[in-house]
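Now for the letters of each chain:
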Amino acid sequence: MTTSPKSEVWTVFKRLLGYLKPLKAVLFFAVVGLTMYALVDATFIAVIKPFIDEGFGGQASQIPTGAGGLTNLDLGTSGGFNSGSDVLMMAPFVVIVLFSLRGLANFLSTYCISYMSARVIMDLRQEVFEHYLTLPVSYIDSENTGNLISRVTYDTEQIARASGSALITIVRDSITVVGMIAIMFYFSWKLSLVIFIIGPIIGVVITVVSRRFRKVSKNIQAAMGGVTAATEQMIKGHKNVLSFGGQETEAQRFAKVNDQNRYQTMKLATAQAISQPLVMIIGSFAIAFILYAASIDSMKAELTAGTFATILGAMLAMLQPIKNLTRVNAEFQRGIAACTTVFELLDTKPESDTGTLDVERVKGELAFNNVDFSYPGQEKLALNGIDFTVEQGKTLALVGRSGSGKSTIASLVTRFYTGLKAGEITLDGSNINDYTLASLRSQVALVSQQVTLFNDSIANNIAYAYPGEATKEQIINAATLAHAMEFIEPMPEGLDTQIGENGVMLSGGQRQRIAIARAILRNSPVLILDEATSALDTESEKAIQDGLDNLRHNRTSIVIAHRLSTIESADQILVVDQGEIVERGTHTSLLEKQGIYYNLYQMQFGS
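Here is what the cut-offs are and how they apply
Residues numbered from 1 in each chain as written. Predicted model: local features only at pLDDT ≥ 70, side-chain atom pairs only at ≥ 80, totals over all residues. Heavy atoms only, no water. Helix = DSSP H or I, 4+ residues; strand = E, 2+ residues; numbered from the N terminus. Buried < 20%, exposed > 50% of the residue type's maximum accessible area, 1.4 Å probe, protein only. Contact = heavy atoms within 4.5 Å. Areas by Shrake-Rupley, 256 points an atom, 1.4 Å probe, with all protein chains shown as cover. Axes fitted to C-alpha atoms, helices over the stretch in contact; angles between N-to-C directions. Left-handed = near helix turned anticlockwise from the far one by under 90°. Nonpolar A, V, L, I, M, F, W, Y, C, P; charged D, E, K, R; others polar. Pairing = 2+ DSSP bridges. Core = buried A, V, L, I, M, F, W, Y, C linked by side-chain atoms within 4.5 Å. Parallel < 35°, antiparallel > 145°, perpendicular 65-115°, else oblique. UniProt positions renumbered as here; feature names shortened; annotations may be inferred.

Caption draft 1: Spatial organisation of the overall build of the protein. Of the regular secondary structure elements, the protein holds 23 helices and 10 strands. Out of the 607 residues belonging to the protein, those deemed buried represent 47%. Long-range pairs, those at least 24 residues apart, make up 79% of the contacts in the protein with a sequence separation of at least 6. Per element, the accessible surface of the protein, about 30600 Å² overall, is 57% carbon and sulfur.

Right under this line is the structure:
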């Protein structure tokens, strides 16, 4: 986007209007309603002149020159009054018709714009949410979770203000102002010349304040993201907060971001509170000028009471729309600021998916050929010269200290991270970048240390994203192999039991067994177990080991483990340290070397 503020606002607003294209008919009726509303107001002011000049028989056709001024208007004799009785008889009916039309126009415009706003919010939220699903893992890792949530909730709500209530005011009140100015010039162009002086001054005030509104609005969005992040952090760590007595710490943390949000909101309110009275004061000079000009003898000769009342009424009627336009400017600028943030997110490039290879099922031969890799923004290599091959149906185990690069190897297989510094990763002899993302990831079943479950039934969690429809027998079979039926069957609703957000109703070991059952049901040719038994007690681990052995049968498996007892039967074991392979071999051969693996084994099992 261009850095020019005016150009940026127009570019963003034009892009926002693109979301209204499918709603052209609704927008048309909304504009018709808003225009009708404004024209009714202008018409009501315009008919003041005949009501006064003709309704009172023309006896007060000139502004009096006596010392009494406006208080000495001669309303004429009773005969003069009767001559204008027809006009006065029509007045009530004209008022009723005009205000009925006004009410109809208000309903039509308000309903149509509310409908458009709701649709724009829904479409934008859906687009942002779906875009999150396409973004690379590195982007999500680098962003504040609260800000990401705020994009979907708070920012889209601000956009609704720009496309909703702001549009009502901008269209309706702009037409009202134009209509009132036209009436003034029609009846007395000399008195109306003041508009050319006052108008530009008001325009300058609104322009200056707009920049301030937009800047502060962006700060409010950032502050709102902090509020969301602090709240989410406390809720996720609620048990830890209570157990460590961290209530006061969390309260102070939230108070800080909450106060920052208040501070930014007050900065916006201050700018708004200053701009509105300023516009009103400028407008008062226009009214004062008209009152003064009307007292000049040469002007009195040209004005009737009705003309003067109409011009004064038009000027007064303009003040509220101008005030509304100044006030809604804050909402509009908040919406534009939110649009800018959301559109920047939507312009973030999704995961690279240039592969064309699409296979139903690979054999499963996986190879790392001298792979060097570093995370985005870091110069230090996370992996250095990683070289190994896992044949079809074989098991490769990765061991080493935390942070040595084991999980990084697993993440590269599924292309969660891309951009190797050197080397290549192949699956069945083809570079993994040649596969489409969907095809590649359908070949891999992942059971990670951090199990993610959804607020749904146990059965639906096991069958999550299963291609096609999983039968109950398939789910039970997968749960049995994972030794999950041992705790599922005693539950009152069995597989239909709701487990709460992230499986809060289950123990850590039970959650991991459901995750393993999910991997078993997926039946992918490549299996990655990243600390899959870390949350299991000894008894559960022994029970599930049989299931894992069955799962690994005829599958290429990469097992990352701290517990060496779970990988003794692996076909090949790699010891990883500082991103490099420092030892490799079978369990027996590595013990014979009495190197790093031997020392790790001794630490866990003693002599």
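Caption draft 2: Structural view of the packing of helix H2 (residues 24-46) against helix H8 (residues 165-187). Where H2 meets H8, the closest approach of the two axes is 9 Å, and the angle between their N-to-C directions is 35°. For the element pair H2 and H8, the recorded crossing hand is right-handed. Packed against H2, whose contacting residues are Leu 27, Leu 34, Thr 35, Tyr 37, Ala 38, Asp 41, Ala 42, Ile 45 and Ala 46, the element H8 presents Leu 167, Ile 168, Val 171, Arg 172, Ile 175, Thr 176, Gly 179, Met 180, Ile 183 and Phe 187 at the interface. Residues that form the contact of H2 with H8 fall into these classes: 14 nonpolar, three polar and two charged.

Caption draft 3: Here's a closer look at the sheet that holds strand S7 (residues 526-530). Taken together, the six strands give an open sheet; going across it, the order is S6-S7-S8-S3-S9-S10, and neighbouring strands pair in mixed fashion. Whereas interior strands pair on both sides, the edge strands pair on one side only; in this sheet they are strand S6 (444-447) and strand S10 (580-585). Direction aside, neighbouring strands of the sheet carry axes that sit 15° apart on average. Taken together, the four bridges between strand S3 (residues 395-399) and strand S9 (residues 572-577) define a ladder with parallel strand orientation. Paired with Leu 396 across the two strands is Gln 572, which belongs to S9.

Caption draft 4: A look at the pairing of S10. As paired elements, S9 and S10 share five bridges and run antiparallel to each other. Residue pairing for S10: Ile 573 is matched across the bridge by Gly 585. Between S9 and S10, which follow one another and run antiparallel, lie two residues, and Gln 578 among them has a positive phi close to 55°.

Caption draft 5: Representation of the nonpolar core within the structure. Counting 43 residues, the largest nonpolar core has Ile 462 and Ile 567 as the members making the most contacts within it. In this structure Ile 567 touches Ala 397, Val 399, Val 559, Ala 561, Ile 573 and Tyr 597, once residues within four positions along its chain are discounted. If you look at the next biggest cluster of nonpolar residues, it comprises 35 residues, including Val 120, Leu 148, Val 152 and Val 342.

Caption draft 6: Structural view of the packing of helix H18 (residues 472-481) against helix H20 (residues 508-522). Contact geometry for H18 and H20: axes closest at 8 Å, N-to-C directions at 125°. One way to sum up the angle between H18 and H20 is to call them oblique. Where H18 crosses over H20, the two elements pack in a sense that is right-handed. Contacts between H18 and H20 involve Gln 474, Ile 475, Ala 478, Ala 479 and Leu 481 from the former and Ala 517, Ile 520 and Leu 521 from the latter.

Caption draft 7: How the structure looks around the environment of Lys 49. Relative to the helices and strands, Lys 49 is located in helix H3 (residues 48-53). Contact partners of Lys 49, with chain neighbours within four places excluded, come to Glu 54, Phe 187, Thr 304, Gly 306, Thr 307 and Thr 310.

Caption draft 8: Inspection of the UniProt feature "transmembrane region" (unreviewed entry) in the protein at higher detail. Mapped onto the present numbering, the UniProt feature "transmembrane region" (unreviewed entry) falls on residues 25-48, 87-113, 166-187, 193-210 and 277-295. Within the segment residues 25-48, helix and strand shares are 96% and 0% respectively, and the terminal C-alpha atoms sit 35 Å apart.

Caption draft 9: Structural context of the sheet that holds strand S5 (residues 430-431). Across the sheet, four strands lie side by side as S2-S1-S4-S5; this open sheet has antiparallel pairing. Strands with a single pairing partner mark the edges of an open sheet, and in this sheet they are strand S2 (383-390) and S5. Taken together, the two bridges between strand S4 (residues 422-427) and S5 define a ladder with antiparallel strand orientation. Residue Leu 427 lies in a different strand from S5, and its bridge partner there is Ser 430.

Caption draft 10: Structural context of the side chain of Thr 408. Looking at the secondary structure, you find Thr 408 in helix H15 (residues 406-413). Given a relative accessible area of 7%, Thr 408 falls into the buried group. Non-local contacts of Thr 408, meaning those with residues more than four positions away in its chain, are made with Phe 373, Tyr 375 and Leu 383.

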